[in-house]
Amino acid sequence: MQQFDFIIIGTGAGGGTLAHQLAPSGKRILILERGDFLPKEKENWDPIAVAQGRYKTTELWRDRNQQLFSPYQHYWVGGNTKMYGGALLRLREQDFEARPHFDGVSPAWPLKYADFAPWYDQAEALYAVHGTRGQDPTEPPADTDYPFPALPFEPRMETLATQIRQQGYHPSAIPLAIRLPEDAQGSVTDRINMELYDGYPDPTGAKADSHVVGIQGALQHPNVSLLTNRKALKINTDSSGKRVESVTVTHNGTEETYFADTIVVACGAVNSAALLLNSANEQHPNGLANSSGLVGRNLMVHNNGIVLAYSATPNPSKFQKAILIADFYHGAPDSLYPLGSIQNMGKADPLLLIDAVGDDMDTNGRDMDHFAGHIVDFFITAEDLPQPENRVLVDETGEIQVHYTANNLEAYQRLHAKLVQIMDQVAEQEGVGESTKYYGFKLGSGGVSHQNGTCRFGTDPKESVLDLHCKAHDLDNLYVVDTSFFPSSGAVNPSLTAMANALRVGAHLLEN
Ligand SMILES: Cc1cc2nc3c(=O)[nH]c(=O)nc-3n(C[C@H](O)[C@H](O)[C@H](O)COP(=O)(O)OP(=O)(O)OC[C@H]3O[C@@H](n4cnc5c(N)ncnc54)[C@H](O)[C@@H]3O)c2cc1C
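In every chain, residue numbers begin from 1 and rise along the written sequence. In keeping with the predicted nature of the model, local features appear solely for residues at pLDDT of at least 70, side-chain atom pairs appear and are counted solely at 80 or more, and the whole-chain, interface and lining totals rest on all residues. Side-chain numbers come from the whole structure's heavy atoms, not from hydrogens or water.

**Student:** I'm lost on the side chain of Asp95 in this one. Help?
**Tutor:** Looking at the secondary structure, you find Asp95 in the loop between strand E4 (68–69) and strand E5 (99–101). A residue is classified by how much of its surface remains accessible, and Asp95, at 2% relative accessible area, is buried. Between N or O atoms, a polar contact is any pair within 3.5 Å; within protein, one atom must be a potential hydrogen donor and the other a potential acceptor, and residues adjacent in sequence are included only when both atoms are from side chains. Separated by 2.7 Å, the side chains of Asp95 and Tyr329 make a polar contact. The helix and strand labels rest on DSSP assignments: H or I over at least four residues marks a helix, E over at least two residues marks a strand, and numbering proceeds from the N terminus. Only protein chains enter the accessibility calculation, which uses a 1.4 Å probe; a residue whose area is less than 20% of its type maximum is buried, one above 50% is exposed, and one in between is partly exposed.

**Student:** I would appreciate a short explanation of the site of the ligand in the present structure.
**Tutor:** To be near a molecule or strand, a residue needs just one of its heavy atoms within 4 Å of it. Residues in close proximity to the ligand total 36 residues, the closest being Gly14, Glu33, Asn80, Ala87 and Ala232. Residue Thr11 places a side-chain N or O atom 3.4 Å away from an oxygen atom belonging to the ligand. The contact in question runs from an oxygen atom of the ligand to an N or O atom on the backbone of Gly79, over 3.4 Å. In isolation the ligand has 990 Å² of accessible area, and contact with the protein removes 96% of it. Contributing elements (two or more residues each) for the shell around the ligand: helix H1 (13–22) and strand E12 (231–237). Three categories are distinguished: nonpolar for Ala, Val, Leu, Ile, Met, Phe, Trp, Tyr, Cys and Pro, charged for Asp, Glu, Lys and Arg, and polar for the others, with Gly belonging to the last. By residue class, the composition of the shell around the ligand is 12 nonpolar, 18 polar and six charged. Exposure was quantified through the Shrake-Rupley algorithm and a 1.4 Å probe, taking into account, for residues, occlusion by the shown protein chains and nothing else.

**Student:** Looking at this structure, how should I read the environment of Asp36?
**Tutor:** Inspection of the secondary structure assignment puts Asp36 in the loop between strand E2 (29–32) and helix H2 (47–51). For the pair Asp36 and Thr228, spaced 192 residues apart in the sequence, the C-alpha separation amounts to 5.3 Å. Residues within four places of Asp36 in sequence aside, it is in contact with Tyr75, Trp76, Val77, Thr228 and Asn229. A distance of 3.2 Å separates the side chain of Asp36 from the side chain of Asn229, its partner in a polar contact. The contact definition used throughout considers only heavy atoms, calling two residues in contact when any of these lie within 4.5 Å.

Following this line, the structure appears as C-alpha cells:
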C-alpha cells in the first residue's frame, strides 16, 4: 500500500490550482480525476458538436420534483475550466460584507477582501490575466497591475465602449486568462480562434485553464501523479472517526482505494457535497463533515442569462468577449439594491441562433448569417442568495439531486432592463432606423456552471462546514477547496476566487 501526503480529488479551478501550489514542496501528491484528458480534435471548434454536448457529461440529476435534467457540467482534466470563458474577476470589497438585496441579506464572509487580495494577485499572475485596472469604478483595490495589458478591442467593440461611455457609464475590458506570446498578439489571436474561446475547449492550450496551467505545471514535479477516470465514491475515516485515511474510487468498473495523510475534495460545489454525503459511515451518519447539517445546503448558481441585442449596425467582431459593465453592481439611481454585472460573451454561431431565439425571431426574411453579423451577445449575472432549502442531496443509490429555486429575480430583471436601456440608447446614438431587438433567456435548471456555496466556510461549526482554512470542522485532515466554500456568491464569475482561495489554502497546508 502506498501512502501519499496529499490526495486531491478533482482538477478544476480549485483542485488544479492547489496541485500547482503544492507540487514544488516535494510532498507525495496523488491527484484523482473522474474524467479523462479532453481530446484535441477538430470538434473542439465545431459549434454544432459542442452545442450538442460532445464535451458535456451525460450524467443526469434530479430536481425537487424528481424530474431528471442535464447539468451543464464537464468532467475532464481541468474540470469546467476546459470550457470556461476565462473571465477572471475579483469579488468586490462589498461582497465580503453583509449586504441587503431585494430578496434578503447576503451574509458577510468570515474573511475580508484584504485577506484575499494577495492571493488574487498571485492567481492573476498564474493564470496570465490580461486586463486594465482603473476603468471600472467598482473594481477592488489591488497592489499590482494586471500581469498583461488587456487585449485590444475590435473596432465595433471599441465604438460600442465609446458610446456606452458617452452615456455616462464605465465600460472596462473583461480581465481574461490567456497565455499569449506578448510579441505576437495579433497573429496569435487569429490562430487561437478567439471567436470560439468562450464555451469551447482550446486545443492550442492558449486558454489559461486549470489543466494547462495547474495540472500540467504540477506534473512537471516527479512527486506528483495524476490518475484519470477515477470517480471518487467514498472517503473513509479511521477507527477514531476523527481523521480521514483513504478514498475509494471506481475505475473501469472496479473499486480501488488510495491512502493519504491529508485529503482535499475539489469536485465542484455539487459533486463535493455529494461525495461528502455519500461518505456517511457509523461515526458520521449524516455524511462526512456534516455535524452542522449544512453539507449541500445554500447552493447558489447566480441568476445568469444570455441577451442577444440585434441592431441594424453590423458587428463583424471575431473576439467579442470584450466589455464589462459593472455600473449597476451596487445598485442604480432607481435601485437601492445591487443589480449585478453585464459582460460580452463569445459570439453566437448562426446555426445555433435558430435554437437560441427560436419562434421569437422576427428577422424580416433575413438569414441567420445576417442576423449573427448584427447581434452583440451579452451575459448578465445577478446575485442569488444562499437559502438552506436550495441544496444538494444524494439518493439511496448515491445519485445526485439538486433542489434549487431561483431567488432575487428582481435584481436580474432590473439588470436586464438596464442593458436594454443602454443598447436602445446606442441605437439612438448611431441613428440607425431600425430599433434594437432583444432575444435570449435566463439559464434554467441545467445552468449550474457558476455553482457554489454547498460547504460554506466560517468560524462557528454549527453555522458552517469548513473552518477558515477550508478544513472540515469535524475532521482533522479533510479539506474542501473549490467553489463550495463561498458564503455568498457576489455577481462576478467564480473561478478567480476559487483559484485565489486554493493558493491561500495551499500555503497553509505547506506551512503545517
Ligand atoms: C461554458 C462555461 C463558461 C464559463 N466561463 C467562466 C468564466 O469566464 N469565468 C469564470 O470565472 N468562470 C466561468 N465558468 C465557471 C467555472 O468553470 C467554474 O466556476 C469553475 O470551473 C469551478 O471550479 P471548481 O474547482 O469549483 O470545479 P470544477 O472546475 O467543476 O472542477 C471539479 C473537478 O472535479 C472532478 N470531479 C467531480 N466529481 C468527482 C468525483 N466524484 N471524483 C473525482 N473527480 C470528480 C470534475 O471532473 C472536475 O475536474 C464557466 C463554466 C462553463 C461551463
